[in-house]
Structure formats: structure tokens, C-alpha cells
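In case you want the letters, here they are:
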Amino acid sequence: MTDRDPITDPARPDCEAAQAAVQRLLDGDPLWDCPEAVAHRAACVDCREELALARALTASMTAPAVPAGLTDRIVGAAVTRARRGQAFRYAGLGAALAASIVVAVIAVQPSRQSITETPTVAALPHPKGDAPPAKPLGEAVSEARDALVSLTRRTAAETRDTSVALVPNPKLPDMPDPGGLESLADAQGAASRSVEPIKTSARRALNLFLRAADPANKPAVQ
Amino acid sequence: MRLRQLALAAVLTVPPAAFAGPRDDLLQLVPDDYTFCVVLQNLREQGQSGGGRSFLKGIAESPLIKGLQATPEARKFQQAFDAILKDLGVTPDQLRDDLLGDALVFAYRKGPAGQEGKEDGLILLHARDEKLLQRVVDRIIDMQTKAGEIKGVEPVGQGDARYFRRVKSGDTEPADFYTVQGHRLAFSGSEALLKSILPRLPAAATGEPPIARRMKLLGVNDAPASVLINPRSFDADVAAGAQAGKGSEQAFLKEFATYWKAVDGLAGFVNVRPSLELGLAINVRKADLPKPVARFFTEAGKRSPLWDRIPDDALFACVGRIHFESLAATLGGFLAEPDRKKVLEGIAKASRPFLETDDYATVARGLGPDVGFWVTAPEPESKSWCPNAVLAAKVAEGPDGREAERACLKGLDFLARMASLQHDDLRVRSELQGPVEVRYLTHPTVFPPGFRPAFASKGGYIVLADSPETIGRFQPPTGSATDADEVPILRISASAWRKYLARHRGPLVEYLAGAKGGDPKELGQHLDVLMPVLEGLDRLELVQRPGPNRVAFVLRLQEAKK
């Protein structure tokens, strides 16, 4: 296995084909998708989300702006993160928290452009029947949402990397394995299952509200 | 019409807190069998007070955020957001104050088991400026019609029962429905749901809506943003889960179902005054919980006297009251009997070298419930950059406590000697501090300067520390646990970290880089990213707010005093 091999989340063994497709998309492979991945995504919200993120990422990287090896670095960072193991599993929670604060900060920072435009907009509200905007409203909202999702994930990843880089990982003395604790694996799996209905419903609720902002006929990918 | 854009914009901006009036006018419309209900209130007041917050300012000035603001995603978001507002003909202030400033509610009902697609949702908005609301709605309809996103809008019904059907352009796209009545707007993809609230829409709330009452019970009544979860909406799922699996998987799910039945309400919430807080609140009927759990939470809901021994400027402190006996019984309830036995056998095997008794209940009873760990900056006169650290666990009085004390000291001694076997030059030494015997480890190169891990039994506590000197400074508390409105669990002092890093940044970075095998320069850059955030922050705290049939955990970011 190399660092560029697709990483399959052990918790999602059925997602391998879709994850490999996303990897090919990031690699710039024009034939990145395959029927198996398409069929899987139709039923898997996680994989649809990952594809949307990858698309947003690739769309935002115009050729001159992409530093050499950026994709390698992104993939490399993802591989490194995936291999850091369970010790930092819960660092994601804190990172997500930080990310949401950060996104809020960015969201409420008015751009220079909007500051100068504001009085004009306020003084001259659009009358009904005015010229249509450059971009359909649904599309603009959809774009803002996708950009926000990408930004949140990027912020979470960078915050986590910064935090992890500062946390020492001391080597503890080797201890004999007393055994018996493997019995906890079933309970651990059940703990995850017990909150699954809430997680699934929360995801569906979010999709229900956000999907409404999509233009007509756009696939329900969040 | 695209009222969901307004909803999205609300999520994107810093959320609110509110007058009960407009909020309750909306909450009375939420169906009782909701699954999730998101309540945003008082965005206007909260938004106006948040501009100069030093912590948010610190974050905004962090190199990390400055870098993120230049990313394609951030630029794209900002451009799209600006374009939306421009197209709608509203300013950011109008959006925050006149449209979203009163209250915004999202309610979601999940579909029945096996028919998840039969879900529905409701968006409710109370705008201060009803003319602006109507204008924006008209503008959205106009824009979308011209852009071909919708075919048009059809009125349905008359008078107060009148609403509109938005017909989508796509042949397979289902229509959605909305109505605007005065200051209120209601939007839903479900015609039946929208029709069901129409009779109550024009009226102000009379009495307290059930969700508002639940918010009070959860202690989130004034939270500017909260997400309420209706546990009853998941009863069927939890009951079905309890029948699935086998062995410990089934045992866990059955035990979980027992707990779930006792939960009356759940909420996540955000407060911004006087400090930024993120929390989780649970309404639970304690009488319906298994006895060990009730005992565990009763003990955990008291303030430990160890907090009296922790300096305000500790870099890190975490203290809890852990009733080990009830904790063990609680955790044991989640395992099937054969697995519980296996775990106990594993513990017995691991503890055999130092535990003389097979009666673990004795040790569990003898240890705790006060347990704390804290880290402080080295003394000003110290030449070492290595912080001082203490881990202290209370030992009960009586035979159980003596047995637990003996087991702990033997175990620690065993670990120390085992470590000395694995590392050349690692020595186990001891010294007397009055009547207290302190054992500690030394190594000429492995440990940071001044670090000599030590342990002892002192004043009814088992104490582990970074050095014998730190144990010498530890004064065991003599008081008892007390009831409190707010029980601290964890505290990180940003101001102490600022001072510590200003003094010891160089050697700390060198040590961490050596320990992690990284580049000191790169590690220093990571620290520099965090420094502006620390500038605006005084402390971060995790606290528990116990209440009658309620427990709430709150993460609080206390801003630096100006």
C-alpha cells in the first residue's frame, strides 16, 4: 500500500468504490467515476457529501493557483491524519467546535466591498420587475452553502492539525496485556448504534432544510 | 419563494437570545410530535453587542484565520453572500435586525420507521419589519420566476386560511408552500403541515407553549440559539434497537433503552452573554434511573474541595467527584454477564502483582470520590521550564480506604520498578517529608529538566506529581464537597498560558520538537497561530449545572478583561 492508496473508513466498508472515485477525482483523473460508485452514492449520504466537498475543492483550484504538489499534500495530510490512530479521535470534536466559531467570525466579517455597497443597496431597493441578477438566487445560495461546508471542513482540519502538532505523545512503558478487555468491543459497537437513529434523523433534517435552497433539478447532494 | 435563504443566512451569522413574545408566537405553531426544533432568538441585540468581543477579534486576527479568509472557499462564500443580499435589496443590518432579529424557528418531524421519506419540516419567522418581509418575499418570487427556478406561485384558500403554492420548474420537483401574515412567515414542503397551523398563525401565543416550557426546564429559555430534541420521537427506534444484536451488544442497547425512557428532554445551546457558552442540557427523571447512576450523578453534582487547592492561574485543571463503586456498577450494566466476568478477570490479572485482595469492591469503595489533576507554571525562581503537575485522589477513611491506599502505593511502586527495568539509568528513590514517604524516579537524560515523577500518600490523598517538591507543596483539603449552582469540571487559563509561553517558549518548543521528532521552527509557527487567540481569552471552562431533574454541561470561553 502506498500513501496514495484510497483510505477506506473501517466504519464504512461499503463505501470503498465511492471513496476510490473521490480519490481519482482529486487526482484529476477524467474517468474518475464508475457505475458502482454512482449506484452506491444514490444510497449513501456520507459519500455524496464527500463528493460534493471534493468537487468544491477541485472547482476552487484554478490551474495557476494550485501550488505544485498541493493535491499530494492534501492527500498526504489526510493519510497522515487517518493513520494517527485513535489517540486523537476525539480531537475532531474540539476542532469542529473551533471551526464553527471560526466560520462565524468569518461570516460576520463584512468585506470591504459590502461596506461600500451597503448605502447604495439600502437607498435603492430593487423594485419589482427589475433586471434579473447575474446568477439565479437558488444557485447563489447553493454556492454559498457549498463554500461554507468546504470552509468548515478545512478549518476543522487545520485547527486539528495545529493542536495535534503541539500535543506530546510520550511513550509509555510496555505493559503486559491482561486480556479480557476485547469483550468491550461489542459494547463499543452498540454505543455507536444506540445514537445512530438520532444521527440519521439529524442528517436528514439538515438535508431537508438545506436541499430547499438548491436550484430545481439539482441532485440532493449536501 | 426562497425563504430558506433567510434561514440559511441566519445559520451563517452569529446567533441570538430573545423576548418571549415573538418566539412563543412561533413556538405555539410547532407540532407536539416534533423531532428536532431549532430556536434562534434575539439576533438583533446579540449581534449589536458582539462586535467588539476581544476573543472573536483575537480569533479573527489569528494567522490561521487570516489564511483561511484568503482561501477560495471563504472568498466564494463572501461573494455569494454579498450577491444574495444585493439581489434581495437588503443590507446586512436589515437582515440581522429587521428580518431575523426577533425569532426564527425550524421544526422537523421524522418519518415513521421504514418510511423515512415521510418526514416534514416547518420554517417559521417573526420579522420586526413586516413591510420589508413582504418585499423580500415578493423579490425572491420575482427573481426565481425570472430565472426559471419556479414556474410561479398559486394562491390557495381565502382570508387567514390563505397560503401559496410554489410550483417548481422541474416536472418531478414537488411544490412547497408558504404564507405571510403580518410579521410572521411560515414555510413548509408539506401542505398538510402548513394547513394545520394556519388557524393559529394570526394569533399571539396564549399561555406557555409546551416547547417554551421544555426550554425553561432545560435551562435554555434565554439561549440565543438552541436545538431541542424530543426523546419520544425516538422511542420506537430505541425499543427496536434493544431487541437487536446479541451478547454485550444487546445488553448495552437494552440498558440504553432504560436510560432513554427516563429522559424527558435534550437540548444543545449557545449563549453569548456574559460569556460565550456551548452546552448540552438533559432533563432526566432521576427516580427512574438505575440506582447506581443516580448515585453517580448525585456525587458528581457537588463541588470538590480540591478546587480550593488549585491556584486560579493553573495552566490546566480537571477535578471530578467520581464514585467508583457506582461507576463500576453503571458500566457493568452495559455488559452481558459473560463479558462482565471476562473484564473482571482481565482486571484481576493486571492487578495481581500489587493487589492482595480479590475484593475489588473494597478498593472501589475506598478510593475517591474526589479526584483531580492540575498543571501550574514552574515557580518564578525555578530554572526549569517544566510545569508542575499534580494528580490527587481521595482515600476514604476506614478499612476500605486503607486497602485502597495500600493497593495504589503498591501498584505505583510496581510500575516505577518495571519502568526502571526497561530504562538504564532510571532509578527509584525515596525521601521523607515529615511523616510522608515520597518515592520518585530520576533519569539524567530521558526526563525534561526538573522532572522527577513522584508519588506518596498524604493527608488522605494518593498524590502523584512531577517532583517531590510539588508533593511537598500540596496541602490536602480538609473541607467537604458542597452543593453549588455551578460545578467546575475543567479549567484552562489562557492568561496563565500567555505568561508561561512568554517566558518558556524557546525551551518548550525545543523539547516538544525533540520528543515528537519535528522541526522546532515549524512547531513554533503552530504556537504563533494560537497566540492571538490566547490574547483575547482569559480562560476556558467546562462546568456542570445541576438542577432538579436536570443536568447541563457547559463549555465556556471567558474573555480577557480589557
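Peer 1: What is the right way to look at the overall build of chain A in this model?
Peer 2: The helix and strand tally for chain A stands at nine helices and zero strands. Listed by position from the N terminus, the elements making up chain A come as α-α-α-α-α-α-α-α-α. A separation of at least 24 residues holds for 67% of the contacts in chain A among residues at least 6 apart in sequence. With the model as given, the accessible surface of chain A reaches about 12,300 Å², and the carbon-plus-sulfur share is 61%.

Peer 1: Is there a simple way to explain the packing of helix α7 (residues 137–166) of chain A against helix α20 (residues 520–536) of chain B in this structure?
Peer 2: A pair of packed helices can be characterised by two numbers: the angle between their axes and the separation between those axes. Contact geometry for α7 of chain A and α20 of chain B: axes closest at 9 Å, N-to-C directions at 120°. Considering the angle they form, α7 of chain A stands oblique to α20 of chain B. You can see that α7 of chain A and α20 of chain B cross each other, and the crossing is left-handed. In contact with Thr 162, Ala 165 and Leu 166 of chain A of α7 of chain A, α20 of chain B contributes Leu 523, His 526, Leu 527, Val 529 and Leu 530 of chain B. Considering only residue class, the contact of α7 of chain A with α20 of chain B consists of six nonpolar, two polar and no charged.

Peer 1: Looking at this model, I keep getting lost on the packing of helix α7 (residues 92–99) of chain B against helix α8 (residues 130–146) of chain B. Mind explaining?
Peer 2: Residues and elements named next belong to chain B. Contact geometry of α7 with α8 gives a least axis separation of 10 Å together with a crossing angle of 120°. It follows from the interaxial angle that α7 and α8 lie oblique. Relative to α8, the crossing made by α7 is left-handed. Contacts between α7 and α8 involve Gln 94, Asp 98 and Leu 99 from the former and Leu 132, Leu 133, Arg 135 and Val 136 from the latter. When grouped by side-chain class, the residues that make up the contact of α7 with α8 number four nonpolar, one polar and two charged.

Peer 1: Even after reading the chapter, I still don't get the pairing of strand β13 (residues 367–376) of chain B, so can you show me in this structure?
Peer 2: Residues in a regular strand project their side chains so that they alternate between the two faces of the sheet. All names here are of chain B. With nine of ten residues buried, β13 lies mostly within the body of the structure. Note that strand β12 (residues 316–321) and β13 share six bridges and pair antiparallel. Bridging from a neighbouring strand, Phe 316 pairs with Val 375 of β13. Strand direction decides the pairing type here: β13 and strand β14 (residues 388–395), joined by seven bridges, are antiparallel. When the sheet's bridge partners are listed, Val 375 is paired in β14 with Ala 389.

The rules we used
Residues numbered from 1 in each chain as written. Chains lettered and ligands numbered in written order. Predicted model: local features only at pLDDT ≥ 70, side-chain atom pairs only at ≥ 80, totals over all residues. Heavy atoms only, no water. Helix = DSSP H or I, 4+ residues; strand = E, 2+ residues; numbered from the N terminus. Contact = heavy atoms within 4.5 Å. Areas by Shrake-Rupley, 256 points an atom, 1.4 Å probe, with all protein chains shown as cover. Axes fitted to C-alpha atoms, helices over the stretch in contact; angles between N-to-C directions. Parallel < 35°, antiparallel > 145°, perpendicular 65-115°, else oblique. Left-handed = near helix turned anticlockwise from the far one by under 90°. Nonpolar A, V, L, I, M, F, W, Y, C, P; charged D, E, K, R; others polar. Buried < 20%, exposed > 50% of the residue type's maximum accessible area, 1.4 Å probe, protein only. Pairing = 2+ DSSP bridges.

Taken by themselves, the reported measurements are silent on function.
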